[in-house]
Amino acid sequence: MLKVENLKKQYGSFTLDCSLEVMPGCITGLVGRNGAGKSTTFKAILGLISTDSGSISIFGKDIKDFTETDKQKIGVVLSNSGFSGYLTINDILPILASLYPLFDQAAFLEYCNRFQLPLDKKIQKFSTGMKAKLKLIAAITHDASLLLLDEPTAGLDVVARDELLTLLRDFMEEKEDRAVLISSHISTDLESLCDDLYLIGNGKILLHEDTDRLLSQYAILKVDNRQFQKLDPRYLLKWKQEAYGYRCLTDQKQFYLENYPDIVVEKSGIDDLILFNKEVSL
Amino acid sequence: MKGLLIKDFKLMKNQKNFLFVIFIGAIASMLLSGFSSFLMGYFPFICSFFVLSTISYDEFDNGNAFLYTLPFSRKTYVKEKYLFGFLAGTAGCIISLIITVLYRYFTHTGFSLTELLVPAAAVLMILIIILSFMLPIHLKFGGEKGRYALFGIFLFLVLFGGIGLQFFPLEVLGEFLHALKPAGFLSLLAVFTFVFTFISYRISVLIQERKEF
């Protein structure tokens, strides 16, 4: 569905060097700290910036050859950009209807009604949550095959985030070959939503893993110095010295649970991966 | 293209009070001065130059990034800006024509169709030439910086154009234009407008295709 191969982009001292793939029927997450390269990756995929090398293809077609018809099959949400604040929802209705032949106006209005979005108020006067909802509604109501969502839940409270994630799940259930690439700072959002995850740091993809495996097999081991010396290092991805001894990241939780019953094994999540990446390169 | 045009006309709606005040002001000036061509030389330009404001509206709050994810090409965006400027200018011309005809009718000053249509066509073409000059500058430098860039270019043209004109045989040009009948003048202006707009459009496309958002 989406394939990014050896994409390179130099921004001063920052270099983006990334490869990733989104398969049909999958929701793929892109996680990383601020400035890790998430938004640059999205911008490159959307053709908003030029790239130094590498290739990006969507639906098997290089994005350089993309036509207006190809773009109609993509829905986009950008965290820091949206419809002109000088327009109202009533204004954007005919715009979307003209740009997208498959725009479902009835569904769009139904969502607006459900989320109590005023139709005749200028978008610049909307709250952060209202703007985020409007962006996602616009992205999912023209029968897109691929959604590219850069921080769609940024700045939202837990209820609003849950509403948006429900919308996304419903969107995926409607047609099984749809796909989503989503980035977020909120790891719990991605853990509950994504089929697989890419961890990006300093412009590089550090890890790609199925979410199920990440949540079931990855763990944090907390060991003292003596336990650390005896620990089999084969399945330790990274470790860091702490006041009490060592904190280790493993992707073979079961192995350590069975063979080292006296050590502390804690459930790991995306946050731990990001934190480990911050402290020790993965 | 149609979606972009709708967007810009919807944005223009935000300026309806401003346009209305300008319109009323122009009509008042026409009535007070008795100079019936005033509206034609003024209102179409205001309508057409609104396209420059739409570029600023598009840029507002980093809006361009999202705008360019919508299904149209950068070339289409540029094309739409020229078309919008032309359509808004034409609408301004038609409105001005109607008001002028009504004014002449009610003041019994009389008019011929040629007398009204020739200046209207000339206004429209001059308007397109000025717009073709301003659009690439606004696309290159953006709404805010574009104004300064335009000011700088005008200053440059006034300074160096003034010096250049001293060596230019203005009398010959004047005689040449005078010898042309309205049809000849309009034809010449049309050819110049077409060539100038085409070059401007190509430059604008190049500017827009190199932009990063």
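Computed from a predicted model, the values in this text were never measured in an experiment.

Enquirer: Report on the overall build of chain B, specifying residues and quantitative values.
Expert: In terms of regular secondary structure, chain B is built from nine helices and zero strands. Across chain B, helices and strands are ordered from the amino to the carboxyl terminus as α-α-α-α-α-α-α-α-α. Reported as C-alpha extents along the three principal axes, the dimensions of chain B are approximately 55 × 45 × 25 Å. Nonlocal contacts in chain B, meaning residues at least 24 apart in sequence, comprise 79% of its contacts between residues at least 6 apart. As displayed, chain B has an accessible area near 11,700 Å², and 75% of this comes from carbon and sulfur atoms.

Enquirer: Outline the pattern of salt bridges, listing residues and values.
Expert: Residue and element names in this part refer to chain A. Applying the stated criterion across every chain, the model contains 20 salt bridges over all chains. The salt bridge involving lysine 61 is made with aspartate 70; its shortest N-O contact spans 2.7 Å. Here arginine 234 makes a salt bridge to aspartate 232, at a shortest N to O gap of 2.8 Å. Overall, the relative accessible area of 59% leaves arginine 234 in the exposed class.

Enquirer: Can you explain empty space enclosed by the protein? Please cite residues and give values.
Expert: In this approach, a probe sized like a water molecule rolls over the atoms, and the result shows the empty space that is left. Residue and element names in this part refer to chain B. If you walk through the whole model with that rule in mind, you get three cavities of 30 Å³ or more. Put simply, the largest cavity is a space of about 110 Å³. Secondary-structure elements contributing two or more residues to the lining of the largest cavity are α4 (50–59) and α5 (63–67). When residues of the lining of the largest cavity are assigned to their parent elements, the largest contribution, three residues, is made by α5. Its residues placed into classes, the lining of the largest cavity shows eight nonpolar, three polar and two charged.

Enquirer: With reference to specific residues and values, describe the pairing of strand β8 (residues 179–183) of chain A.
Expert: All names here are of chain A. Where burial is concerned, most of β8 is hidden: five out of the five residues are buried. Neither face of β8 is exposed, since Ala179, Leu181 and Ser183 on one face and Val180 and Ile182 on the opposite face are all buried. Judged from the four bridges that link them, strand β3 (residues 27–31) and β8 form a sheet pairing that is parallel. For isoleucine 27, the partnering residue across the bridge sits in β8 and is valine 180. For strand β7 (residues 146–150) and β8, the ladder comprises five bridges, and the chain directions are parallel. Each bridged residue has a counterpart across the sheet, and for aspartate 150 the counterpart in β8 is serine 183. Between β7 and its parallel partner β8, the chain crosses via helix α6 (residues 158–174), and the hand of that crossover is right-handed.

Enquirer: Tell me about the side chain of threonine 40 of chain A, residues and numbers included.
Expert: Residues and elements named next belong to chain A. As for its placement among the helices and strands, threonine 40 is situated in helix α1 (residues 38–45). Given a relative accessible area of 14%, threonine 40 falls into the buried group. When sequence neighbours within four positions are dropped, the list of residues in contact with threonine 40 reads Lys9, Tyr11, Phe14, Leu16 and Ile49.

Enquirer: Explain the interface of chain B and chain A residue by residue, including any values.
Expert: The interface is formed by 26 residues belonging to chain B together with 29 residues belonging to chain A. Here chain B packs against chain A, burying approximately 2,500 Å² in sum over the two surfaces, 59% of which is carbon and sulfur. Contact with chain A buries surface across chain B, with Phe66, Pro71 and Glu212 of chain B losing the most and accounting together for 28% of the total. Counting across the interface, chain B meets chain A through two salt bridges. A salt bridge links lysine 9 of chain A to glutamate 212 of chain B, with the shortest nitrogen-to-oxygen separation between them at 3.2 Å. Counting across the interface, chain B meets chain A through 15 residue pairs in polar contact (both at pLDDT 80 or more).

Enquirer: Hey, could you go over the pairing of strand β2 (residues 14–22) of chain A for me, with residue numbers and the actual values?
Expert: Side chains Phe14, Leu16, Cys18, Leu20 and Val22 of chain A project from β2 of chain A onto a buried face, and the interleaved Thr15, Asp17, Ser19 and Glu21 of chain A project onto a face without burial. Once strand β1 (residues 2–11) of chain A ends, the chain turns through two residues before running back antiparallel as β2 of chain A, passing glycine 12 of chain A with a positive phi of about 60°.

Conventions and cut-offs
Residues numbered from 1 in each chain as written. Chains lettered and ligands numbered in written order. Predicted model: local features only at pLDDT ≥ 70, side-chain atom pairs only at ≥ 80, totals over all residues. Heavy atoms only, no water. Helix = DSSP H or I, 4+ residues; strand = E, 2+ residues; numbered from the N terminus. Contact = heavy atoms within 4.5 Å. Areas by Shrake-Rupley, 256 points an atom, 1.4 Å probe, with all protein chains shown as cover. Salt bridge = Lys/Arg side-chain N within 4 Å of Asp/Glu carboxyl O. Buried < 20%, exposed > 50% of the residue type's maximum accessible area, 1.4 Å probe, protein only. 1 Å grid on protein atoms, 1.4 Å probe; cavity = no way out; pocket = protein on both sides within 12 Å on 5 of 7 lines; lining within 4 Å. Points joined across faces, edges and corners; volume = space filled by probe spheres on them. Nonpolar A, V, L, I, M, F, W, Y, C, P; charged D, E, K, R; others polar. Pairing = 2+ DSSP bridges. Right-handed = clockwise from strand over helix to strand, strands pointing away. Buried area = accessible area lost by both parts, 1.4 Å probe. Polar contact = N/O pair within 3.5 Å; in protein donor to acceptor, adjacent residues only side chain to side chain.

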